Amino acid sequence: MRELTAGPRILLKRLRALMAEALEPQERLDHIVREIAQNMVAEVCSFYVLRSDEILELYATEGLNPQAVHLAQLRLGQGLVGTIAATARPLNLTDAQSHPAFTYLPETGEEVYNSFLGVPVLRAGRTMGVLVVQNRTKRAYREDELEALETTAMVLAEMVASGNLTRLARPGVELTNGRSVSFNGHAYNEGVGLGHVVLHEPRIVVTNLFNEDIEHEISRLDEAMGFLRLSIDDMLSRRDVAMEGEHRDVLEAYRMFAHDRGWMRRLEEAIRNGLTAEAAVEKVQSDTRARMMHLSDPYMRERLSDFDDLANRLMRQLMGYDPKSAAEMMAKDSIIVARSMGAAELLDYPRERVRGLVLEDGATTSHVVIVARAMGIPVVGQAKGVVALAENNDAIIIDGEDGRVHLRPQTDVEAAYAEKVRFRAKRQALYRELRDKPAVTKDGKSIALLMNGGLIVDLPQLKESGADGVGLFRTELQFMVASTFPRSGQQEKLYRAVLEAAGDKPVTFRTLDIGGDKVLPYFRSNAHEENPAMGWRAIRLALDRPGLMRTQLRALLKAAGGRELRIMLPMVTEVAEVRATREIIEREVNYLTRFDYQPPCNLKIGAMIEVPSLLWQLDELMNEVDFASVGSNDLFQFIMAVDRGNAQIADRFDQLSPAFLRVLLQIAEAGKRHNKPVTLCGEMAGKPLTAMMLIGLGFRSISMSAAAIGPVKNMLLSLDAAALNAILAELVHRPDANGSIRENLVRFANEQQIPL
Ligand code: PEP
Ligand code: MG
């Protein structure tokens, strides 16, 4: 066995020349495997491509039987090649045939080769194929040979990704990057969108692989690394992270990686082997990921994702990637695909270009979903695996009705959806016809159908949906879109615009509900919270920081001069909190009157019922407030002890369970007893079936996303509320009703021909 003679740098140079030559794809591949074999003094070099049906097909070989090309096939996970593809890890074997995974393919004639070195062909973390060299002698391949093979694998990855090999595939067979896939997720907001993928955290794809000048690339790397280190130090010295906590731990881990000599050494080595600085970062990242991916220690897995994030930052730095300009270049029919996302991040996208949101996580009441609903964007959550398979700009269809996502859809699926869009347009036309029709049940009960909002973009919906007013204006959304605290004048301007758009319809402003998962990037508490949903949030935070609340109250009072102002307090736990806030409000009214501002002609203060403790204070509460509103998202979360943002359990319990229905009934009855209006403004108000149940329980006012008003009105026009009330009164108290309430309600709706 000869020593390695040429080295990876020469090999890369040869490959680069081959890429520039005018060759047919198969010819080019044949030349490439020959070059690799020669350079690495191997008797065999073979390249397998991973197809969309998870079969690895031999695409080119030097040394094995040439007749086997495009015929030899292995399933993902089968044989040595399948194992490499499935694990994304290299295999370096002195005696391949004694490996338990070895599978003999008679058509290849490979039985005479003993040693085997195979590496995954990776691009942006995805396996595109496998590259193998083999020798007759029993030998162990050296570390630098493994390096060389991994580096050349990047060139092949680029060839697969560029679509150059598609022509070599047999009819009906697709390569990984072209196949259609569908995902069964959960429908979180209805609507159908046809468009193109925008990955929320785009993989940076390096296309410039070969370097011209090693020293130049090393100095580019040094410079980018210097910037990266500085930016981490900068973040660490900021006052809001200077204390202990998870955020600081992550940054400390980043700092550790950014100063890691081993990382730097591996990067420099990859550059010396012929790669550009960015290609070197990608190569080392892929290797590290492949080596660490299978660790089960959660701490180490966290560190791997920290490292990934850091490597991406370094790559962005090297490639001058600017997320702002990426947003500007977004297609007009963008469908955002993300693992998970904060509500504020969604608001960073230009609304007019977003046709849908696909999440791998998420839950129906998580805030990003609520914001998407407010923006009228179809949402599918729990679409597991979509991020790994989607590429920026892939065609995609999101179906927010049945929770399906079709990536790179076939033409017949696309045609079926175009039809569905037309059908939906017809249904929307029906809802528009109902717009000015009063929301009165078949037996004459008048129901106020209000809409939830929070942004200026919501306002046109007030007219278009025919809502009777705004039942919940989430004032924190303005704060979440801003990069600093909105000033009093800006707040006042928004509130005035809302009141003007509403005309004589009522608007209920909820005071800031920040904290929990509604994080303002420019306002963090120093204390790390184990359970932020039950932490320093909403009215608790407002009472501790009265300055913040006073600014908001003043803006509300000024905006509503001379007209009715309804203020609602979130997350009330004790009646005393309402009393304390009322005092602050009264003081503000006096202050403004002294300065000749016109006060609101009618000031109403209400509380949200979303913390269970209020259920045992309902009489005191009703005496203290002018109105109440059930925040069923939070109330359900706390009653059932089920985190609304945790996808694994968020849908575990049914809101139509006897326990929760009894709670709702109790609240509706307390309102009646005290003659105080009670609304329900959680997500359950917006689904025809649950809305029907609420009316049956006695609610006469419900608030929902604007898009839900048409379907809910369509339902209630055929509803006999008294008949349903009689059925519910019995069901709610039946001890064995668990699980059957939903079925009973669906049966009732079918019998009565109520459209759900
Ligand atoms: C609720 O909790 O039901 C609610 C309406 O408030 P939010 O969803 O904003 O917490
Ligand atoms: Mg709430």
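Note that the structure is predicted; figures quoted are calculated from it, not measured.

A. Geometry of the overall build of the protein chain. Along the backbone of the protein chain there are 28 helices and 22 strands. The C-alpha extent of the protein chain, read off along each of the three principal axes, is 95 × 60 × 45 Å. When each of the 756 residues of the protein chain is scored for burial, the buried share is 55%. A sequence separation of at least 24 residues applies to 68% of the contacts in the protein chain between residues at least 6 apart. When the 91 positive and 102 negative side-chain charges of the protein chain are each reduced to one mean point, those points stand 4 Å apart.

B. Molecular detail of the site of ligand 1. In the region of ligand 1, 16 residues are neighbours, and Arg474, Arg510, Gly631, Asn633 and Arg644 sit closest. A distance of 2.9 Å separates an oxygen atom of ligand 1 from a polar atom in the side chain of glutamate 610. Between an oxygen atom of ligand 1 and a main-chain N or O atom of aspartate 634, the distance comes to 3.0 Å. In isolation ligand 1 exposes 290 Å². Once the protein is present, 100% of that is buried. Elements with a minimum of two residues in the shell around ligand 1: α12 (367–374), β16 (470–474) and α22 (632–640). Residue contributions to the shell around ligand 1 peak at three residues, all from α22. Looking at the shell around ligand 1 residue by residue, the classes come out as four nonpolar, five polar and seven charged.

C. Structural context of the packing of aromatic side chains. If you walk through the whole model with that rule in mind, you get five aromatic pairs. Here the aromatic rings of phenylalanine 473 and phenylalanine 509 are separated by 5.5 Å at their centres, their planes lie at 65 degrees, and the arrangement is edge-to-face. One end of the pair, phenylalanine 473, is in strand β16; the other, phenylalanine 509, is in strand β17 (residues 507–510), with 36 residues separating them in the sequence. Given a relative accessible area of 1%, phenylalanine 473 falls into the buried group. Ring plane angle 75 degrees and centroid distance 4.9 Å describe the contact between phenylalanine 636 and phenylalanine 660, whose orientation is recorded as edge-to-face. Highlighted residues: phenylalanine 636 in helix α22 and phenylalanine 660 in helix α24 (residues 658–673), separated in sequence by 24 residues. Take phenylalanine 660: its relative accessible area is 0%, and that puts it in the buried class. Put simply, the rings of Phe473, Tyr495 and Phe509 touch in pairs and so form one group of aromatic residues. Across from the ring centre of phenylalanine 627, 4.2 Å away, lies the NZ or CZ of arginine 566, which sits over that ring.

D. Region of interest: the coordination of the magnesium ion (ligand 2). Coordination of the magnesium ion (ligand 2) by the protein is provided by Glu610 (OE) and Asp634 (OD), with metal-donor distances spanning 2.1 to 2.2 Å. One end of the pair, glutamate 610, is in the loop between β19 (602–609) and α21 (618–624); the other, aspartate 634, is in helix α22, with 24 residues separating them in the sequence.

E. Region of the structure containing the domain arrangement of the protein chain. By the assigned domains, the protein chain splits into domain 1 (2–168), domain 2 (181–409) and domain 3 (437–720). Just the C-alpha atoms count here: the centres of domain 2 and domain 3 sit 34 Å apart.

F. Inspection of the sheet that holds strand β10 (residues 334–338) at higher detail. On the basis of which strands lie adjacent, the open sheet formed by eight strands has the order β7-β14-β13-β9-β10-β11-β12-β8 and mixed pairing. The sheet is open, and its two edges are formed by β7 (181–184) and β8 (186–189), each paired on a single side. Averaged over all adjacent pairs, the angle separating strand axes in this sheet is 30 degrees, with direction ignored. Sheet topology places strand β11 (residues 354–359) next to strand β12 (residues 379–381); two bridges connect them, and they run parallel. The partner of valine 358 across the bridge, within β12, is valine 380.

G. A look at the sheet that holds strand β2 (residues 55–62). With antiparallel pairing, the six strands of this open sheet are ordered in space as β3-β2-β1-β6-β5-β4. At either end of the open sheet lies a strand with only one pairing partner, and these are β3 (73–75) and β4 (91–93). Adjacent strand axes in the sheet meet at a mean angle of 20 degrees when their direction is disregarded. Pairing analysis gives six bridges linking strand β1 (residues 44–50) to strand β6 (residues 126–135), with the strands arranged antiparallel.

H. Just the nonpolar core, in detail. Counting residues in each nonpolar core, the largest one holds 121 residues, and the members touching the most others are Leu357, Leu664, Met692, Met693, Phe699 and Ile702. Counting residues per element, this core draws most heavily on α24, at eight residues. Looking at which domains feed residues into this core, each of domain 2 (181–409) and domain 3 (437–720) gives three or more. Other than its neighbours up to four places away in sequence, isoleucine 702 contacts Ala448, Leu449, Leu450, Thr679, Leu680, Ala685, Ala691, Leu694 and Val712. Within the second largest apolar cluster, 68 residues are counted, among which are Leu11, Val49, Leu146 and Ala311.

I. Structural context of the pattern of salt bridges. Here the structure, examined in full by the defined rule, presents 41 salt bridges. In this structure, arginine 408 engages aspartate 394 in a salt bridge whose closest nitrogen and oxygen atoms are separated by 2.4 Å. Of this pair, arginine 408 sits in the loop between β14 (404–407) and α14 (411–434) while aspartate 394 sits in the loop between α13 (386–389) and β13 (395–399), and the two are 14 residues apart along the sequence. By the burial criterion, arginine 408 is buried, and aspartate 394 matches it. With its nearest N and O atoms 2.7 Å apart, the salt bridge here joins aspartate 654 to arginine 742. One end of the pair, aspartate 654, is in the loop between α23 (647–650) and α24; the other, arginine 742, is in helix α28 (residues 740–751), with 88 residues separating them in the sequence.

Rules of the game
- Residues numbered from 1 in each chain as written.
- Chains lettered and ligands numbered in written order.
- Predicted model: local features only at pLDDT ≥ 70, side-chain atom pairs only at ≥ 80, totals over all residues.
- Heavy atoms only, no water.
- Helix = DSSP H or I, 4+ residues; strand = E, 2+ residues; numbered from the N terminus.
- Buried < 20%, exposed > 50% of the residue type's maximum accessible area, 1.4 Å probe, protein only.
- Contact = heavy atoms within 4.5 Å.
- Lys, Arg positive; Asp, Glu negative; His and termini not counted.
- Charge placed at Lys NZ, Arg CZ, Asp CG, Glu CD.
- Near = heavy atom within 4 Å.
- Polar contact = N/O pair within 3.5 Å; in protein donor to acceptor, adjacent residues only side chain to side chain.
- Areas by Shrake-Rupley, 256 points an atom, 1.4 Å probe, with all protein chains shown as cover.
- Nonpolar A, V, L, I, M, F, W, Y, C, P; charged D, E, K, R; others polar.
- Phe/Tyr/Trp six-rings, centres within 6.5 Å; stacked < 30°, edge-to-face > 60°.
- Lys NZ or Arg CZ within 6 Å of the ring centre and 35° of its normal.
- Donors = N, O, S within 2.8 Å, 3.2 Å for Na, K, Ca; no water.
- Domains from an automatic or database assignment.
- Pairing = 2+ DSSP bridges.
- Axes fitted to C-alpha atoms, helices over the stretch in contact; angles between N-to-C directions.
- Core = buried A, V, L, I, M, F, W, Y, C linked by side-chain atoms within 4.5 Å.
- Salt bridge = Lys/Arg side-chain N within 4 Å of Asp/Glu carboxyl O.

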